[in-house]
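Breakdown of the fold
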Amino acid sequence: MQPAAVPTLPAQPLTVALSRYGTTLAQTSLTPQPEPDLPLSFRYGRPALSEFPLNLWRKLLSRRAAAGSSWLDYATDVQGYLPLRQAIAKYLGRARAVQCQPEQIIITNGTQQGLDLTMRLLIEAGDSIAIEDPGYLSARRIFQSHGAKLIPIQVDAAGLRVNQLPDQLPQRPTVRLVYVTPSHQFPTGATLSLPRRLELLRWAQQMGAMILEDDYDSEYRYGDRPIPALQGLDCNQSVLYFGSFSKVLFPALRIGYLVLPPSLVALFAQAKWLQDRQLPTLEQQMLSDFMAEGYLESHIRKMRSRYDCRRQALVQALTAQFGEGAAIFGEKAGLHLMVQLQTQLSNEEIMARAAEVGVGLVSAQPQYLNSGGQGEFILVYGELSEAQIQTGIQRLAEVIRQG
């Protein structure tokens, strides 16, 4: 028997009084638009899902499910499954020089939830937050939804220009938080230099501000040694460190983590419990096994090699097709690079023409708070083969030359 169709009701104007938060959301279009299903899509946010070890994951699932039924019940640890927090603490210490104990970690359903919790607990409407410009659009939307005033700070080849952060002067706003992606700045791919990291930490201490460090894809770095996380350099408990497994494993896992200064743990844990009570226990148990038994770091090593080949193919294709007409940024880390094309066509015209030949592009323009981004595109190479990358860039070059 087929279920009854759900009637579609016409949109009606709101007739109830909204909160300030509700009013902000109602006035802002935050719903992501569906992406066209194109065969050669350099879309953002997807790792190589076809390379994920599904058989191993099924094995871990079967083993955990057969071990008992405790995962069916409510969780007793509001910060998340303890063995998973222990595994994350060990991993971050080895891979990112993060200094933390499992007691400082709260498991979240991703970076977005961690940022939302931070806004709820540390920011009032009208408070100022410094952000990278260009920067991560989804984070900016969360800040705006809570009524924060955004102060854009320019980014160059060495990352955030710390010397542009405002001082504590009467005519300047007091900055409560600064949001950064220091290991692989989004979208330019710049790495915040060590001198600027130290300068940023000194600034935060002097201002009494907190730093939100989003380490979203630091696992993938090619050729250069990774610079330690800001959190590992911090001696004043001024850094909140965000991470997730969406890029390194798969986005549907919906497991992230937030490393907090000890003084904030109890407060954030209480807010997390009120927001969603708990994350699914079974997935946390499986991930803790995946990490403790060495599978995570083995998978990262394999994928780093795969992604490096795809990265090289993309850089070579851009150079071959555009030559000096393409400036490439941030190609030494992560799963994407940014390219600036010399063209008179608008980004919208280029994306439309590319879509006609089956190539999906992501414009960098929405990532700018101020104007910018003409001719700039974010090219994500994680889920495309080297042959697909070469074909996609060749088609892109052909449609641009027609203009």
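A brief structural summary. (Residues numbered from 1 in each chain as written. Predicted model: local features only at pLDDT ≥ 70, side-chain atom pairs only at ≥ 80, totals over all residues. Heavy atoms only, no water.)

So, on to the overall build of the protein. A count of helical and extended segments in the protein gives 12 helices and 14 strands. For the C-alpha atoms alone, the extent of the protein along its principal axes is close to 65 × 60 × 55 Å. Taken across its 403 residues, the protein has 50% of its residues classed as buried. Counting contacts in the protein only where the partners sit at least 6 residues apart, residues at least 24 apart contribute 75% of the total. Of the side-chain charges in the protein, 37 are positive and 36 negative, and the distance between the mean point of each set is 3 Å. (Helix = DSSP H or I, 4+ residues; strand = E, 2+ residues; numbered from the N terminus. Buried < 20%, exposed > 50% of the residue type's maximum accessible area, 1.4 Å probe, protein only. Contact = heavy atoms within 4.5 Å. Lys, Arg positive; Asp, Glu negative; His and termini not counted. Charge placed at Lys NZ, Arg CZ, Asp CG, Glu CD.)

With that out of the way, let us pick up the sheet that holds strand S13 (residues 362-363). Ordered by their spatial adjacency, four strands build an open sheet running S10-S11-S14-S13, and the pairing between neighbours is antiparallel. Each end of this open sheet is capped by a strand with a single partner; those strands are strand S10 (326-329) and S13. Pairing analysis gives two bridges linking S13 to strand S14 (residues 376-380), with the strands arranged antiparallel. If you follow Val362 over to S14, its bridge partner there is Ile378. On the sheet, helix H11 (residues 347-356) packs against S13 and S14 and is oriented at approximately 40° with respect to S14. (Pairing = 2+ DSSP bridges. Axes fitted to C-alpha atoms, helices over the stretch in contact; angles between N-to-C directions.)

Okay, the packing of helix H3 (residues 82-96) against helix H9 (residues 281-292) next. Packing of H3 against H9 leaves a shortest axis separation of 8 Å and a crossing angle of 35°. Crossing angle aside, the handedness with which H3 passes H9 is left-handed. Together, Pro83, Leu84, Ala87, Ile88 and Tyr91 of H3 and Gln284, Leu287, Ser288 and Met291 of H9 make up the contact between the two elements. Its residues assigned to classes, the contact of H3 with H9 comprises seven nonpolar, two polar and no charged. (Left-handed = near helix turned anticlockwise from the far one by under 90°. Nonpolar A, V, L, I, M, F, W, Y, C, P; charged D, E, K, R; others polar.)

In this section: the side chain of Gln185. Mapping Gln185 onto the fold places it in the loop between strand S6 (175-180) and helix H6 (194-207). Setting aside residues up to four positions removed in sequence, Gln185 forms contacts with Glu132, Pro134, Gly135, Val155, Ala190, Tyr216 and His336.

Before going further, it helps to spend a moment on the sheet that holds strand S3 (residues 128-133). Across the sheet, which stays open at both edges, the eight strands sit in the order S2-S9-S8-S7-S6-S3-S4-S5 with mixed pairing between neighbours. Of all the strands in the sheet, the pair left with one neighbour each is strand S2 (105-108) and strand S5 (159-160). Here four bridges tie S2 to strand S9 (residues 256-259), and the two strands are oriented antiparallel to one another. Note that in S9 the partner of Ile107 across the bridge is Tyr257. Each of S2, strand S8 (239-244) and S9 touches H3; the most contacted strand, S2, lies at about 110° to it. Contacts between H6 and the sheet are confined to strand S4 (149-156), S5, S6, strand S7 (210-214) and S8, with S6 contributing the most and set at about 160° to the helix.

Another point: the nonpolar core. Ranked by internal contacts, the top residues of the largest apolar core, which has 63 residues, are Phe245, Leu249, Leu379 and Leu396. The element contributing the most residues to this core is helix H10 (residues 295-322), with eight residues. Excluding residues within four positions of it along the chain, Leu249 makes contact with Pro47, Leu49, Phe52, Leu287, Phe290, Leu296 and His299. Counting 26 residues, the second-largest nonpolar core is a separate cluster that includes Ile123, Phe242, Leu258 and Leu264. (Core = buried A, V, L, I, M, F, W, Y, C linked by side-chain atoms within 4.5 Å.)

Once that is clear, we can look at the side chain of Thr108. Secondary-structure assignment places Thr108 in strand S2. Given a relative accessible area of 1%, Thr108 falls into the buried group. At a separation of 3.0 Å, a polar atom in the side chain of Thr108 contacts the main-chain carbonyl oxygen of Gly110. Other than its neighbours up to four places away in sequence, Thr108 contacts Gln113, Gly114, Arg254, Ile255, Gly256, Tyr257, Leu258, Lys272 and Leu279. (Polar contact = N/O pair within 3.5 Å; in protein donor to acceptor, adjacent residues only side chain to side chain.)

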